[in-house]
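Residue-level structural notes
Okay, here's what each chain looks like letter by letter:
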Amino acid sequence: MNSFLKNTAARILHGPMNLKDVRVILPNRRAGLFFTKYLGQLATEPVWMPEVYTVEEMFYELAQKRPADNLTLIFELYKVYQSLGGPKDGFERFYFWGEMILKDFNDLDQFMVDAKRLFTNLREQKMLESDWSFLSEQQIALIKEFWQSFERRERQHQERFIQFWELLNPLYEGFKSSLEVSGLAYTGMIYRQVAEDLEKLPAPDKHHVFVGFNAFTVAEEKLIKHFIKAFGAEIHWDVDAYYIADKNQEAGLFFREYMKDSILGPTFPEPLPARISRNGLEVTTYTVPLKINQANSVGSILETSGEQGNWDETVVILPDEQLLFPLLNVLPERVESVNVTMGYPVKSTPVYAFLEAVLELQRYSRVEDGKLYFYHKPVKELMGTPYLMEENPGFVKETVARLNSTNQVYVAQETLMEGGGLFKLVFRQLSPASLIPEMMELIMGLWSRLGEKSMERSYLFQCHKQMNRLKEIFNHEAPQDITLEFFIRTFRNVFREIRLPFEGEPLEGLQIMGVLESRNLDFKRVIVCNMNEGNFPPSASINSMVPSNLRKAFGLPVQEQNDAIYAYTFYRLLHQAEEVHLLYTTASDQGKAGEKSRYIHQLQIELMEKAYGKGEVVVHVPVGLAENKPIVIAKSDEILLELERYTDKARDGKQVAFSPSAINTWLDCRLRFYLKYIAGLEERDEVKEEVDPAIFGNLAHLALEHLYKGFVKRKGRSSIEQSDFGELEKYVFHSVEMAIREQYHLEEDREIKLTGQLTIARDVLQKYLQAVLEIDRKTAPFEIISLEAARKYRASLTINTPSGPRLVALGGIIDRVDLLQQTIRLIDYKSGIDAKEFKDIPSLFDRTDKKRNKAAMQTLFYGLLYQANYPDNTLPLKPAIFNLREIFRDDFNPYLQEKPDRNSKQEVQNYLDYREDYETALRDTLEEIFDPQQAFNQTGDLDKCRTCPYADICAR
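Just so it is clear, the model here is predicted, and its values are computed rather than measured.

Examining the overall build of the protein
Looking only at helices and strands, the protein has 37 helices and 28 strands in total. In the protein, which comprises 956 residues, the share counted as buried stands at 50%. Counting only contacts in the protein whose residues sit at least 6 apart along the sequence, the fraction spanning at least 24 positions is 77%. As presented, the protein carries roughly 46700 Å² of accessible surface, and 49% of it is formed by carbon and sulfur atoms.

As structure tokens, then:
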């Protein structure tokens, strides 16, 4: 196929100059590779190859120097800034401004701007912006009402503001002088130096040919025009009449200006090539739902188009490098070779994510009593990485499970180091002085654990190289006030720019590249992804301290020029193309709407008849719109055998018991019962930093247990008299503290350091305990029979099953059992608001009743358990619920109330009065559980799904 570089190579080859006396200057190295390839193909006999340079390399050679890296330059800039009396804000605060100032200095040198005039205008404009003297007193008063901090922005603020802008010109001059003394330079400084000394340049010993340029900086334009005028250099333009003749086409913006120039104008070809508007170009646009779907669409295009063997004439342009690996994974088998020109960002690799997580770990570490502790979230993130998982999988699993079960918010370093070598490299305290060497040690530790051919090693190599660079810079340049936070931020900034180069044959196979890498290259088949406005062209504005109006006035690049550069990059892809595939997404991404690029709109309007034969293809992604099928699990023989664990037929004597919670779960949702009690699917266990209702309830139970258990132990008696409550009140604080230690697994001798939430919870708990004591004081004397942890009650109930009678085990823990005036109270502490009224016993087991009283069912269950353990008991068993949220009410009554209708209500005095009905209803429920015909199905009440831990399984 014809191509610009091939045609140019032919002209140079057959020209009058000997190739060894020619130097070809191109925009980038990629174009140089293809130029050399075409020259080799065209040569029919051995020839000397010409020198191939980029324009940057030409400037660096003429100046005999190369630019320093940005971090070194910013350190130098900061030194000059401090010497000029800049605000003592520290290097960290200056770094952001330093990046922007350095970029502006680079721009004004490359575009040969009079720096003193620019900064004088900039200072005066900023003074006008900060001057409020033109406002009347009434206007100032109105502004003060709206902006309360207005008065703080008076003279001191204005003077500091103006001082900064006054410093810019001295900073610019001082910075350049400092760099010259140090033998350093930035790119713009080199360009300006060369452009200002053009008359001193000796005649070159080679004929210069400039190929394929579009937008020059002023320094580049001066250099090229000087070489054309003084030394007879040539320039070859890669242009098309399509966008030059039409003054509305932004792609031709620079060329139209160059054609008016007395030196550059005559170098343009006449007539201008008109390839885009020719017949034969076929453009197809694809509307894709999601960004990731573009990879699949490209795979389909490659599968169905083109002949095998000419893949080097096909290019896939990726404005977003995140699509690279998804695309590589779906390339069809018929694509035998691939060359990736674009670099893959190191920040998107797993290794970088791991190293960043190690640094993030440091931000939330703390030292207590000389011991180092790490915050649980970054610890768990690191534990989930493949590097630590592969190092010691058993330790990782055990540690994460222990963190969740013990609710540890901070983890001791010594605990984490027990995992072994890599764990010792990860979980240590880093300081500004030790960060870089210890991170390099960690990188080498990872390196040694990876296979020879692992791609991860390539990532690590790039990381290690950059860390070496940072080490060298910080050792020589870093001020003394650098903090760990700055190191972490610098680490991110440096690695954000690093690209991982891919190895391969650059001139063969399917070409995958970024937008700017495609300059000067021609392909028959062009596939461009991310053709969305904001992606191609990008929407990023110019980040500069110089306002747009001043930039434009002084000839600095503005957004209009950036748009023209990207427009040209797009349209030149069409020069030799025969088929063009443009893909854009309809989904919004990172705040950007899914709007097709302006380039698509332009082509659809301008080339509708000639190129848009196929029009726009809408790519549909199959979506299942059918409702989720109900989940129904039949009772297989294996499940029925599993249920036998709850009966006297349990295998190996490993019998378990149904708790009231299990019965309530069955009545709420049979599928949830199956998942929890048959399949043994544990609910997700996570560290909870906040004191949620569940944790608060646990703390309340534990505190009340410690309060009364401690009293019984101290006094050696279980009876509680009126006179004992003074002493009990003194132990309220201690009991709450004991509860907190037990809940959070804290050692007895370790000082408790409470968070804000836990401090509030502690104070609230003390008030609750005092309220419980006040209620108990009114009913004293009473005798404690058992407390929560002291006794697990067990019972059994005979039911009929298809396999014959079974003795089903029942069990539970009663928070408190006491004897009050010849009545045994079965007390259940509740931290929520649980109703005490119920219609009748059958209503407690009626799953269709949305007001089914679970708490009442549970406390009556305790009556069954107690009576089964003490069958000779003849005393009344009175269920009670201590709702902590209600105990402050004057009319607080803890006892259950049977309310068969609206007009009647009676207090439950004795479980034994309800025993027969209760056991019948419970037996019916248990027989339903063991019924082989009753499958485990989902509840029909979706309100119950809102708090279900298994809701994701049901997709409800």
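Quick look at the sheet that holds strand β6 (residues 314–317)
Strands sit in the order β7-β13-β6-β14-β15-β5-β16 across an open sheet of 7 strands; the sheet is parallel. The two strands at the open ends of the sheet, each matched to only one other strand, are β7 (338–340) and β16 (616–618). Across this sheet, the average inter-strand angle for adjacent strands is 15°, counted without regard to direction. The sheet contact formed by β6 and strand β13 (residues 510–513) spans 3 bridges and is parallel. Paired with I317 across the bridge in β13 is M513. Sheet strands touched by helix α13 (residues 293–304): β5 (282–288), β6, β13, β14 (525–528) and β15 (579–585). Its angle to β15, the strand with the most contacts, is close to 160°.

Looking at the packing of aromatic side chains
Aromatic ring pairs are reported here in terms of the distance separating the ring centres and the angle at which the planes meet. One pass over the structure, following the stated rule, counts 55 aromatic pairs. Ring geometry for F34 against Y38: centres 6.3 Å apart, planes inclined by 55°, an arrangement best described as tilted. With F34 and Y38 both in helix α2 (residues 29–42) and 4 residues apart, this pair spans about one turn of that helix. Assessed through its relative accessible area of 3%, F34 is described here as buried. Using a relative accessible area of 11% as the deciding quantity, one classes Y38 as buried. Between Y364 and Y375, the ring centres sit 6.0 Å apart and the planes meet at 45°, which makes this aromatic pair tilted.

Observations regarding the environment of I235
The topology assignment puts I235 in strand β4 (residues 234–236). For the pair I235 and F210, spaced 25 residues apart in sequence, the C-alpha to C-alpha distance is 4.5 Å. Beyond its immediate stretch of four places on either side in the chain, I235 contacts F210, F216, I224, I228 and T267.

Description of the environment of Y731
Position of Y731 relative to the elements: it lies in the loop between α32 (725–730) and α33 (732–743). Here Y731 falls in the partly exposed class, since its relative accessible area comes to 28%. Distance from Y731 to G710, taken between C-alpha atoms, is 8.6 Å for residues 21 residues apart in sequence. Not counting the four nearest positions on each side in its chain, Y731 is found in contact with L707 and R714.

Thoughts on the sheet that holds strand β25 (residues 877–883)
The mixed open sheet is built from 5 strands, whose spatial order is β18-β19-β22-β23-β25. The sheet is open, and its two edges are formed by β18 (719–720) and β25, each paired on a single side. Bridging between strand β19 (residues 782–787) and strand β22 (residues 816–820) involves 4 bridges; their strand directions are antiparallel. Each residue of the ladder has a partner; that of S786, found in β22, is V817.

What about the pairing of strand β3 (residues 207–211)?
Regular strands show a simple pattern: their side chains alternate between the two faces of the sheet. For β3, the tally of buried residues reaches 5 of 5 residues, placing the bulk of the element in the interior. Inspection of the sheet shows strand β1 (residues 22–26) paired to β3 by 4 bridges, in the parallel sense. The residue bridging I25 from the neighbouring strand is F210, located in β3. Direction of pairing for β3 relative to β4: parallel, over a ladder of 3 bridges. Residue pairing in the sheet places V209 in a bridge with E234 of β4. Handedness of the β3-helix α10 (residues 218–231)-β4 crossover: right-handed.

Some thoughts on the pairing of β14
Covered by surrounding structure in β14 are R525 and I527 together with V526 and V528, the residues of both alternating faces. Bridge count between β14 and β15: 4 bridges; the pairing is parallel. Residue pairing in the sheet places V526 in a bridge with V580 of β15.

A short note on the packing of α33 against helix α34 (residues 756–779)
Contact geometry for α33 and α34: axes closest at 9 Å, N-to-C directions at 130°. Between α33 and α34, the crossing angle belongs to the class labelled oblique. Handedness of the crossing formed by α33 with α34: right-handed. Across the interface between the two elements, V732, F733, S735, V736 and I740 from α33 touch L758, R762, L765, Q766, L769, Q770 and L773 from α34.

What to know about the environment of T217
By the secondary structure assignment, T217 is in the loop between β3 and α10. Given the relative accessible area of 9%, T217 is considered buried. As for T217 and M112, which are separated by 105 residues in sequence, their C-alpha atoms are 8.7 Å apart. Apart from the residues lying within four places of it in its own chain, the contact partners of T217 are Q110, F111 and Y191.

As for the confidence of the model for the protein
A residue-level look at the protein finds 89% of positions with pLDDT of 70 or above and a mean pLDDT of 86. Segment residues 146–158 is flagged for pLDDT under 50; beyond a separation of four residues in sequence, or across chains, it makes 14 contacts in the model.

Examining the pattern of salt bridges
One pass over the full model with this rule turns up 61 salt bridges. Between K176 and D109 there is a salt bridge whose closest N-O contact spans 3.8 Å. With K176 in helix α8 (residues 155–182) and D109 in helix α5 (residues 91–110), the pair connects residues that are 67 residues apart, well separated along the chain. Residue K176 shares its accessibility class with D109, and that shared class is buried.

Re α5
With 20 residues, α5 extends 27 Å between its outermost C-alpha atoms, agreeing within 8% with the 28 Å of an ideal straight helix rising 1.5 Å per residue. Residue W97 marks the point of greatest curvature in α5, where the axis turns by about 35°. With respect to burial, α5 is a largely interior element, 15 of its 20 residues being buried. Directly after α5, the chain includes M112, whose backbone phi takes a positive value near 55°.

Looking at the packing of helix α15 (residues 350–363) against helix α16 (residues 376–383)
Look at α15 against α16: their axes get within 9 Å of each other, and the N-to-C directions meet at 160°. The pairing of α15 with α16 is recorded here as roughly antiparallel in orientation. In this structure, the crossing between α15 and α16 has a hand that is left-handed. Seen from α15, the contacting residues are F354, A357, V358 and L361; seen from α16, they are P378, V379 and L382.

Observations regarding the nonpolar core
Ranked by size, the top nonpolar core spans 189 residues in total, and within it F105, Y243, F354, L355, F427, I512 and Y571 carry the most contacts. Ignoring any residue separated from it by four or fewer positions in sequence, one finds F105 in contact with L77, F119, L168, L171, Y172, F175 and Y186. Counting residues in each nonpolar core, the second largest holds 54 residues, with Y677, L826, A855 and L877 among its members.

Side note on unusual backbone geometry
Glycine aside, the phi torsion of most residues is negative, and most peptide linkages are trans. A cis geometry characterises the amide bond from E270 onward to P271, with omega recorded as -10°. You can see P271 is positioned in the loop between α12 (253–259) and β5. Between F536 and the following residue, P537, the backbone shows a cis peptide bond with an omega angle of 5°. Its place among the elements puts P537 in the loop between β14 and α24 (548–553). Of note, the phi angle at Q64 is positive, near 60°, even though the residue is not glycine. With respect to the helices and strands, the residue Q64 is situated in the loop between α3 (55–63) and α4 (70–83).

What counts, and where the lines are drawn
- Residues numbered from 1 in each chain as written.
- Predicted model: local features only at pLDDT ≥ 70, side-chain atom pairs only at ≥ 80, totals over all residues.
- Heavy atoms only, no water.
- Helix = DSSP H or I, 4+ residues; strand = E, 2+ residues; numbered from the N terminus.
- Buried < 20%, exposed > 50% of the residue type's maximum accessible area, 1.4 Å probe, protein only.
- Contact = heavy atoms within 4.5 Å.
- Areas by Shrake-Rupley, 256 points an atom, 1.4 Å probe, with all protein chains shown as cover.
- Pairing = 2+ DSSP bridges.
- Axes fitted to C-alpha atoms, helices over the stretch in contact; angles between N-to-C directions.
- Phe/Tyr/Trp six-rings, centres within 6.5 Å; stacked < 30°, edge-to-face > 60°.
- Right-handed = clockwise from strand over helix to strand, strands pointing away.
- Parallel < 35°, antiparallel > 145°, perpendicular 65-115°, else oblique.
- Left-handed = near helix turned anticlockwise from the far one by under 90°.
- pLDDT = per-residue confidence, 0-100.
- Salt bridge = Lys/Arg side-chain N within 4 Å of Asp/Glu carboxyl O.
- Expected span 1.5 Å × (residues − 1).
- Bend = angle between axes of the 7 residues up to and from the residue.
- Core = buried A, V, L, I, M, F, W, Y, C linked by side-chain atoms within 4.5 Å.

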